[in-house]
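One letter stands for each residue in the lines below.
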Amino acid sequence: MSESTTVHRELEAERDYVAKLYSRLDELRAEKKEQLTRTRAAGAQGTLQNVSERDSFAALYEDRLAQLNAVEDRLVFGRLDLDDNVNRAGEEPGAPRYIGRIGMTDDELTRLMVDWRAPEAAAFYQATALHRQGVRRRRHLMLRGRTVLGIDDEVLDTELFGEADDHQGEGALMAALTQKRTGRMGDIVGTIQAEQDRIIRAPLAGVLVVQGGPGTGKTAVALHRAAFLLYEHRERLKSAGVLLVGPSTSFMRYIERVLPSLGETGVVMSSVGELYPGLRAIPEHNRETARVKGKQLMAKVVAKAVSNRQRLLAEDRRVVVEGTRLTLTRGQVRHARERARSAHKPHNEARDIFVKTLVRELAEQLQQKLEESAGNGNAVDRSYLVQEVRESRDVRIALNLCWMPLTPQSLLEELFAKPHLLAAAAPQLREAELKALYRAPGSPWTEADVPLLDEAAELLGEFHAVGNKEAGAEAQLKRDLENAEATLRNVNEMLFNAGIDGLVEAEDLAAMNQETEVRQTAAERAVADRNWAYGHVVVDEAQELSPMQWRLLMRRCPLKSFTVVGDIAQTSSASGATSWEQAMRPFVAERFTLEELTVNYRTPMQIAEAATRVAHAAGLTISTPKAVREGEWPPIVDRLPQGTLLEKLREILPGEVEIADGGLLAVIVPESRLRTVRAAVVELFGRRVGTGSGGLSQDIVVLGARESKGLEFDVVVVLEPQELIDEVEGSVGDLYVAMTRTTQRLRILAEGTIPAGIDS
C-alpha cells in the first residue's frame, strides 16, 4: 500500500472519529438545554429550600452549557498511540487516547476524549523519544471548524519507523506560529511545549515567577496555568476563585476568549486600572507622579493622612442641646480619641466608639445641669437625653470636625489638592515629590491612584451610609414579619376551622416578599467585593507593577498563592521592577520559585537578534531565548530627512498592508505623535484603522508602545525609536517591546537618531 493511500486512510479515520466527538458534544448540549428549560419552567414553587435548589440546578446547567459552547472550535487536537500496558480504565485495550479541551464519555461511560489538563494527558506534552512515557506515536489533529484538514505525527517508538506514515515532526507547531493574527489571542493547548507544560502543571502553593523574553509564550502559559489549576484544585478554587491581572484594557480584550476556549468561564479578569471595585482608572502619564505614588512608603503617607483626620480641639468648645449650653473639653476629646484608637478598628468603625463616648459624657453633663435647675431629689427618667445630644446640630458639627466619616475618594481628593495636608502626612518626601502628587479636585483617577484608594479603604473601613442601608433593610424585614404574623393569624384560624393544619410560618411569608439578590457566580461576587480573598492570583507583565500595586495584590490573596509572569528587560514603568528579587522580597522574602522560558516562538530570529543588540547596547542584562525560525525579512530601517516621516509612512504602508495579507499590521509610535499619526493613517485607510482598546478588531492598528505590551501582529512599523526611549527617561524597555511584537516583518522609520544595535 502506498504512503499516500495510508495517509488518506488515516485522515478519513480521524474525520470519522472527530465527527463522533462532535455528535456527542451536540447530544450533551441538547441534554443540558432540555434540563435547563425544564428547571426554569418549574418557576418559584414550593418552600424556600425548593426554590434555592432549583436556582442551584439552573446555575449548574447554565455553567455546563456555557462550557460546552465555548469548546466548539478545535474540540479535539491530539491523539496518543500507547503501549498496551499504559492504557487506563475506561479505554479499550490498545485504543488510542484522544486529547481535547474537555473530557468526554459516551452513554455507557466509555471514555471518548481526555481533558488536556488530566494527568493522563500530560504525556502528550512531555513525552520524548528518550523518555517515551509509554507513548509510541503523538498525533496532532489540525481542524478547521469540524473538519480535520491534516494530521501531523511524531513517532517516538523506533519500532514504528518502518511503517509508512506522514512524519512531519513540528509541523503543527510551525503552522500555529505562522498563521495570521486576528486581534484576539488564541490558545496554544494543542502545541504546548515540554518546558511550558512543566510550568503550567507546577504545584499550586507559593509564588511561582516565570521569566520569559519576547515570544516565549509566557502569557499563554499563564492562561493555561489558570485553567489547569481550576481543573486540578476545583474544590479549593471554585468558591474563592482565581484573579487574572493584566497591564491594560487592550490586553484584557486581547486575551478574553482564551480561558473560555479552555473550558473555564469563572476566572476574574482585571487590568491594573480596574482593581478597585467600581473604578476604571486611566493610565498615569506623569512618570514622576507614578514613581512617587508607587513607592511603598505611600502606605505610611495614607495611614498618616487618616490619623491626621482624627483631630483634637484647639480649645474647649461650647455646644447647645435643647437650649442648654454644654462644654466639650479638649480633655474629653483626647480621652475619646485614645479609647477609639485603642480598639484598633478602621477609622469609620472606630468613629462609632469616639462618638458614643462623647455623646454619653455630654448627656451626663446635660442631665446634671437639668437636675440642678429642677432641684435635688427629682427622679425623672432622662434616658432620652442621649438621643437629644446625638441629634443636636452643634454636637454633630463638633464631632465631625474632630472625626469625620470618610470615603477613600474624599480622603485622597482633599489630601492631594491641599499642599499643607500633604506636607503634614508626608514629611519624608522632598518638595519636588510633593508637587508631583498635586491633583486638582475632580480629576480622573489614574492607575497609580488605585492602590492608594485601596490602602485608604483598608484603613477607613465601610462608610456609614452602608450601615444605614443595612439598618433600613433590617427595619423593613421587621415590619414585614409583623405584617406576616397578623395575616397568618387570620389565615391559620380559617384553615383550623376547615380542619387543615397551617403550613406556613411568618418568616417564610416575609422572606418570600423580600427582594432577593440576582444570582451571582463566585467570580461576579468577587469583582464587586474589595475584601474578596482569592485562592490564586495570576499576574501578567508583572515587571511593570509598583510596590504599592504589589501590596494591593498581596491583600487580595492572603495565602500568597501567585503565578507571576513577565520580562524584566521590558520594564518601562517609572515604578516597575529591575529584578524579580526587588519585586518579590518585600512581600514574600526569598519564598518564591523562579522559572525561565528559553524558546522564542513568535519573533523571527533576525528581528529577535536586533532587539537583543539594542538591549545589550543600553547596558541591560537580559535573557536571550532561542528563536525557532528565521523568518523571511531582517529588520528594515529607513533613515529619513527631517520633516518627511508622515510622507514616508503614507508611501510604505500600502505595501506593508499587502505583505500582512489579511493579518494584523501595527504602527507603534511615541505617545506625543499618536494623534497626528492616527489621523494620517485613517486618512489613508479609513475604517480599516483601529484605535484605543477596541482597535484590535481592525486589521490596521495605531498605538503606543505601552499599549502594545503582550500583543502580537503580523507586521509592525515602528516610528522614531529614539523618542520611544526618551519618553521613558532613557529606558529601552518600550522600544524592545515594540520591536518584538511582530511574527513576520519589522520596519523602522526615523528622522532622528537610530539607537545603537538596531541595524548593526
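Residues numbered from 1 in each chain as written. Predicted model: local features only at pLDDT ≥ 70, side-chain atom pairs only at ≥ 80, totals over all residues. Heavy atoms only, no water.

Turning our eyes to something else, we now look at helix α27 (residues 674–685). Taking 1.5 Å per residue, twelve residues should reach 16 Å; α27 reaches 16 Å between its end C-alpha atoms and fits that length. Among all positions in α27, only Leu674, Val677, Ala680, Val681 and Phe685 are buried. Relative to the axis of α27, the buried residues are bounded by an arc of 140° and lie together on one face. In α27, those exposed residues whose orientation departs by more than 90 degrees from the buried face are Arg675 and Glu683. Turning to α27, the residues buried within the fold contact α26 (645–660), β18 (665–669), β19 (689–690), β20 (700–704) and β21 (713–719). Following α27 by one or two positions, Gly686 adopts a phi angle in the positive range, close to 60°. (Helix = DSSP H or I, 4+ residues; strand = E, 2+ residues; numbered from the N terminus. Expected span 1.5 Å × (residues − 1). Buried < 20%, exposed > 50% of the residue type's maximum accessible area, 1.4 Å probe, protein only. Arc of directions from axis to C-beta. Contact = heavy atoms within 4.5 Å.)

Strand order in the open sheet formed by six strands is β17-β22-β21-β18-β20-β19, and the pairing between neighbours is parallel. Looking along the sheet, the strands with just one partner apiece sit at the ends: β17 (636–639) and β19. (Pairing = 2+ DSSP bridges.)

Next up on the list: the pattern of salt bridges. A complete count under the given rule lists 53 salt bridges for this structure. Ionic pairing is found between Arg430 and Glu433, a salt bridge with its closest N-O pair at 3.6 Å. One network of salt bridges, with partners in common, ties together Glu10, Glu14, Arg79, Asp81, Arg137, Arg139 and Asp153. (Salt bridge = Lys/Arg side-chain N within 4 Å of Asp/Glu carboxyl O.)

What the rule picks out here adds up to five aromatic pairs. We note Lys293 situated over the ring of Phe416; from NZ or CZ to the ring centre the distance is 4.8 Å. Stacked on the ring of Trp445, the Lys or Arg Arg439 has its end atom at 3.6 Å from the ring centre. (Phe/Tyr/Trp six-rings, centres within 6.5 Å; stacked < 30°, edge-to-face > 60°. Lys NZ or Arg CZ within 6 Å of the ring centre and 35° of its normal.)

Now for the nonpolar core. Ranked by internal contacts, the top residues of the largest apolar core, which has 77 residues, are Ile99, Trp116, Ile255, Phe713, Val718, Leu735 and Met739. If one sorts the elements of this core by residue count, helix α6 (residues 218–232) sits on top with nine residues. The contact partners of Leu735, leaving out residues within four places of it in the chain, are Val614, Val718, Pro721, Leu724, Ile725, Pro755 and Ile758. With 58 residues, the next largest nonpolar core counts Val302, Ala426, Ala577 and Ala583 among its residues. (Core = buried A, V, L, I, M, F, W, Y, C linked by side-chain atoms within 4.5 Å.)

Together, Glu349, Asp352, Glu462 and Asp529 give the surface a local cluster of negative charge. In this structure, Glu349 sits in helix α13 (residues 347–374). (Patch = residues over 30% accessible without salt bridge, like charges linked within 9 Å, V, L, I, M, F, W, Y side chains within 5 Å. Areas by Shrake-Rupley, 256 points an atom, 1.4 Å probe, with all protein chains shown as cover. Lys, Arg positive; Asp, Glu negative; His and termini not counted. Charge placed at Lys NZ, Arg CZ, Asp CG, Glu CD.)

As a packed pair, α13 and helix α15 (residues 393–402) sit with axes 11 Å apart at the nearest point and diverge in direction by 140°. Between α13 and α15, the interaxial angle falls into the category oblique. α15 is crossed by α13, and the crossing has right-handed handedness. Between α13 and α15, the residues in contact are Arg351, Phe354, Val355, Leu358, Val359 and Leu362 and Val395, Leu399, Asn400 and Cys402, respectively. Broken down by class, the residue content of the contact of α13 with α15 amounts to eight nonpolar, one polar and one charged. (Axes fitted to C-alpha atoms, helices over the stretch in contact; angles between N-to-C directions. Parallel < 35°, antiparallel > 145°, perpendicular 65-115°, else oblique. Left-handed = near helix turned anticlockwise from the far one by under 90°. Nonpolar A, V, L, I, M, F, W, Y, C, P; charged D, E, K, R; others polar.)

Now for the pairing of strand β10 (residues 317–321). Sheet faces and side chains relate simply in a regular strand, where the side chains alternate between the two faces. By the bridge criterion, five bridges tie β10 to strand β11 (residues 324–328) in an arrangement that is antiparallel. Residue pairing across strands places Val321 opposite Thr324, the latter belonging to β11. The antiparallel hairpin formed by β10 and β11 contains two residues in its connecting segment, where Glu322 sits at a positive phi of about 50°.

Right, let's talk about the sheet that holds strand β13 (residues 562–566) for a bit. Strand order in this open sheet of six strands is β9-β8-β12-β13-β7-β14, and the pairing throughout is parallel. For this open sheet the edge positions go to β9 (268–271) and β14 (592–597), each flanked by a neighbour on one side alone. Taking the axes of each pair of neighbouring strands and ignoring which way they run, one obtains an average angle of 15° across the sheet. Looking at chain direction, strand β8 (residues 242–246) and strand β12 (residues 536–539) are connected through four bridges and run parallel. Bridge pairing in β12 places Val245 opposite Val539. Packed on one face of the sheet, helix α23 (residues 547–556) meets β8, β12 and β13 and runs near 150° to β13.

We now examine α26. The first and last C-alpha atoms of α26 sit 21 Å apart over 16 residues, in line with the 22 Å expected at 1.5 Å per residue. Those residues of α26 not exposed but buried are Leu645, Lys648, Leu649, Ile652, Leu653, Glu656, Val657 and Ala660. The inward-facing, buried residues of α26 abut β17, β18, α27, β20, β21 and β22 (742–750).

So, on to the UniProt feature "binding site: ATP" (unreviewed entry) in the protein chain. Under the local residue numbering, the UniProt record ascribes the feature "binding site: ATP" (unreviewed entry) to Gly212, Gly213, Pro214, Gly215, Thr216, Gly217, Lys218 and Thr219. Tracing the backbone through its elements, the reader meets Gly217 in the loop between β7 (207–212) and α6. The class of Gly217 is partly exposed, set by a relative accessible area of 23%. Apart from the residues lying within four places of it in its own chain, the contact partners of Gly217 are Gln196 and Leu597. Here Thr219 shows up in helix α6. Judged by its relative accessible area of 8%, Thr219 falls in the buried class. Apart from residues no more than four positions distant in its own chain, Thr219 is found in contact with Met185, Phe251, Ile255 and Asp540. (UniProt positions renumbered as here; feature names shortened; annotations may be inferred.)

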